[in-house]
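# What the coordinates show
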Amino acid sequence: MLAIRTLLVVATLALAAIGCSDDDSSGGDNGVRIVRTRYGIPHITADDYYGVGLGYGYAYAQDNYCVLMKEVVRANGHSMLLLGDDGDLEDDFIYGFYNTDEYIDEEFLGSAPADLRQVVTGFADGMNRYLADTGVDGLAEGPEGCRNAEWVREITDTDLGKVFRKLILRGSTGPLTDAIIAATPPSETVAQSDSRAPQSFELAATDFGLTPPTEMGSNAIAVGSDASQTGYGILFGNPHFPWAGPERFYTAHLTIPGVYDVMGASLHGLPVINIGFNSNVAWSHTVSTARRFAFFELQILEDDPLRYRFDGEIRDIEPIEVSAEVALEDGSVETRTETIYMSHVGPIVDIGAINEIVGGWPTAFGTVLAAADANLFNTTALVQWFEMGKAQNTDEIAEALELLGVPWVNTIAADRRGRAYYADIGAVPHVTSEKLEECSDTSLTGLLTSQGFPSLDGSRSECDLGSEPGIRDGILGPADLPSLDTSTYVANCNDSYWLSNPDQLLEGFSPIIGLEGVQQSFRTRQGFVQIEERLDGTDGLGPAGFNLELMQEMLYGNRNIGGELIRDDVVTLCSEVEDWRAYSDNPATAAEACDVLATWDGRFDVDSVGSHIWQEFWDNVSMPAGFWAVPFDPEDPVYTPRELNTADPAIVEAVKLGVGDAVDELVRRGMPMDRPWGEVQYRSDGDDRIPIHGGDASSMFSAISGRYVDDQGIGNIRAGNSYIQTVTWDESECPDAFAVLTYSQSTDPASPHYADMTRVYSAEEWVDMPYCSEDIEAEKISEIEL
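First things first, this report covers the structure right here in the doc. (Residues numbered from 1 in each chain as written. Predicted model: local features only at pLDDT ≥ 70, side-chain atom pairs only at ≥ 80, totals over all residues. Heavy atoms only, no water.)

### Looking at the sheet that holds strand E17 (residues 420-423)
As a reminder of what qualifies: Any two strands with at least two DSSP-identified bridges between them are counted as paired. Starting at the N terminus, helices and strands are each numbered in turn, a helix being any DSSP run of H or I of at least four residues and a strand any DSSP run of E of at least two. Angles shown run from 0 to 180 degrees and are taken between the N-to-C directions of axes, each axis being a line fitted to C-alpha atoms and, for helices, limited to the stretch in contact.
Across the sheet, 10 strands lie side by side as E19-E17-E16-E8-E7-E6-E5-E2-E1-E30; this open sheet has mixed pairing. Bordering the open sheet on either side are strand E19 (483-486) and strand E30 (780-785), each of which pairs with just one other strand. In this sheet, neighbouring strand axes are inclined to one another by 15° on average, regardless of whether the strands run parallel or antiparallel. Pairing between strand E6 (residues 260-267) and strand E7 (residues 275-277): 3 bridges, direction antiparallel. Within E7, the position partnered with Met263 by the bridge is Phe277.

### Overview of the side chain of His268
To keep it simple, the criterion reads: Think of a polar contact as two N or O atoms within 3.5 Å of one another; within protein, one of them needs to be a possible hydrogen donor and the other a possible acceptor, and neighboring residues in sequence only count if both atoms come from side chains. Contact definition: two residues touch when any of their heavy atoms are within 4.5 Å.
Looking at the element boundaries, His268 is found in the loop between E6 and E7. Reaching out from His268, the side chain makes a polar contact with the side chain of Tyr60 at a distance of 2.9 Å. With residues up to four places along the chain from it excluded, the contact list for His268 reads Tyr60, Asn64, Val67, Leu68, Gly245, Pro246, Arg248, Phe249 and Tyr250.

### Brief notes about the layout of surface pockets
Inclusion rule: Two kinds of site are reported from a 1 Å grid over the protein atoms alone, namely cavities, where a 1.4 Å probe fits but cannot get out, and pockets, open sets with protein on both sides within 12 Å along at least five of seven lines, and residues are called lining when an atom falls within 4 Å of a point. Grid points are joined across faces, edges and corners, and a volume is the space filled by probe spheres set on the points. Three classes are used, and their members are as follows: Ala, Val, Leu, Ile, Met, Phe, Trp, Tyr, Cys and Pro are nonpolar, Asp, Glu, Lys and Arg are charged, and the others, Gly among them, are polar.
Considered as a void within the structure, the largest pocket measures approximately 1,400 Å³ in volume. With 4 residues, helix H2 (residues 49-75) is the single largest residue contributor to the lining of the largest pocket. Residues of the lining of the largest pocket, tallied by class, amount to 19 nonpolar, 14 polar and 17 charged.

### Focus: the nonpolar core
Buried together is how nonpolar side chains tend to be arranged in soluble globular proteins. Short version of the rule: Definition used in this section: a nonpolar core is a set of buried Ala, Val, Leu, Ile, Met, Phe, Trp, Tyr and Cys residues joined via side-chain atoms within 4.5 Å. The classification of residues rests on relative accessible area computed with a 1.4 Å probe and restricted to protein chains. Under 20% of the type maximum is buried, over 50% is exposed, and intermediate values are partly exposed.
Tyr65 and Val152 are the most contacted members of the largest nonpolar core, which has 213 residues in total. Looking at this core element by element, the count peaks at 16 residues for H2. Judged by nonpolar contacts, the second largest core, of 31 residues, contains Phe93, Phe295, Ile354 and Phe453.

### Regarding the pairing of strand E3 (residues 217-223)
For E3, a buried count of 7 out of 7 residues is recorded, marking the element as mostly surrounded by other parts of the structure. Side chains of E3 alternate between two faces, with Gly217, Asn219, Ile221 and Val223 and Ser218, Ala220 and Ala222 buried alike. By the bridge criterion, 7 bridges tie E3 to strand E4 (residues 234-242) in an arrangement that is antiparallel. Counted as the bridge partner of Ala220 is Gly237 from E4.

### A word on empty space enclosed by the protein
Applying the stated criterion across every chain, the model contains 6 cavities of 30 Å³ or more. Reported here for the largest cavity is a volume of approximately 120 Å³. Lining of the largest cavity is provided by 14 residues; of these, Phe241, Leu267, His285, Trp408 and Val409 occupy positions nearest its centre. Of all elements in the fold, only E4 and strand E8 (281-287) reach the threshold of two or more residues within the lining of the largest cavity. Sort the elements by how many residues they give to the lining of the largest cavity and E8 lands first, with 3 residues. In terms of residue class, the lining of the largest cavity is built from 10 nonpolar, 4 polar and no charged.

### Comments concerning the environment of Ala179
Of note, Ala179 is situated in helix H8 (residues 177-182). Of the residues examined, Ala179 reaches a relative accessible area of 8% and is grouped as buried. Spatially, the C-alpha atom of Ala179 lies 44 Å from that of Asn586, the residues being 407 residues apart in sequence. With near-sequence residues (within four places) excluded, Ala179 lies in contact with Ile348, Val349, Asp350 and Ile351.

Any link to function would need more than the numbers given here.
Here it is, written out as structure tokens:
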């Protein structure tokens, strides 16, 4: 394993060199102070931007060095060489090709403001400083550890740039990596025919490698002065992100006195705050419905599959060889190669689900698909978050968004003045409604576009992505993207911009951003039902309007809209079943389950009994057309559809079968019907099980996505509630902010901050976020200087 051993030798020499440095973490001359407050939250104060980056990199590395180091390996395209079973060959091909040192240094980071470059350089130096202080043998162990790993080395700002770019491509090229590598021209001429072309077919986001919102999404609410009991703005933010890996959040506070002062959370390895607040404004993000790529159908020549027609001329598809090194079991290293085929709009893709229906290269229509990525040359994402941290009101948040760096999320913000703001302003392919109508006119482009994947005729220049003066080529400008500034409220739970406020619907935008007038997800409806009830004062929680505590109850109430809509009807139908043998292999247990559901409190608190039965039922029950007595009405998107159609015998049978299937599945998993939810769903901390409240994102505002572990319950939490912040203001200069990081700050099982905030979340409590200096000193648990 010569290549790996060489890397180890280089890393060891580098560490020896660093170890000879005069710097010492107990005190230094960089003017950097790291104060940790309760639960391990670092507050970094420095004299300049380099110092902020240095302190942040060091503090982050203390808790999660190995997580970022692994991502550096992946972003460099070396995962199959260095990470073994954790490697991904297709990703190595793609990121080795796109993330060249030259592009990252000259374009991606080279175009950033000097202050931001200093932050990035400082962060890399902080990571390296921690490694020098700790040594490879002192790094974390555990599932996300890397103690004594051969691939640990110093990192550079170039490495970080590659990590940033990989994250930016998360919603576009990222999910298409397999499809790009799979695209292969036929070895011989294939006769073209549309005889196997279907008139219609159905596709899902997962067919394109996209993560569905039930697995990775978010909730956010911004309340303005007219909906606030205090007159100040209020923000609730809660991304539903993974509980493991580099897409976890890390909480921090970055300060240059009098210059820069922002607190919140970053995705691992990012040196700026992604979601956060300062003394006057707070913001969050939710995953957007906007497509960040568009497909183009290219008409290839019958006698040459590497050439296609464009504006009456013939163009070549360019084959580009890419390579990746793979470590073999015998210790040797093998270089593997693949070919990416590039058209004028982007790489050729072979989407498996489409290939199965109409063929790949060529399709039944004598064509191939190419993908155009709006984020491929996005160099402003980090700049935009940097500027958002400096903003002092929602107007300045909107100004920062005009950089069009947001890669795949909506933005929701509130400020001290009492303004609430929503926007899906970011990098979106320049495909207007008019262009989509004119250019989705072939059989395949029409079918794909109708399924929510905008596709255009790639044989005509008028169908290319558009452009606007002063805007990066190929993306829509801010004027063509939806936003809403209001004194009432805005909210988003991963449905489109259309329903950001039921009294101020946003309409008339391109379908590439999202759909209008369509049925909303149950999670979206749960959020808006709770907001509307709160504004009407009909939720039993006191006078109308929001304050910070009432906003927090939005989450910790753990309400389930499915149960609120049809639980009573389901229990009634259950009670009418005299013999459960027609619906379940466990008839006595099914009858017991019905009794439990009858007394279930309708929530997913840790002590709720019956939640697991309801979740399994909701996942299993068939909801055919006619399931709801009152169908969806675009004039009433919050409260429709509703009411179980018990007048239809087929629906009644579907419900009974759903209960029976749920019971059989729970019995198979060894789950008693009367087990409290906190004993079903948990996070392990050694031998300790921490009860976790919240439920599946398909019907819960408080979303937790997990998997059963044998007969032990849902012990594998994959994603869901993560960095949750609630922020408002009062007459003082300090923001009134409370937050919780559900999985805690550190991925090191030996750290005191591995699960301490998880217990705060489990107890439905909050961490008071100290922002002003006197509050930080009062909460201080440790301090170092660099």
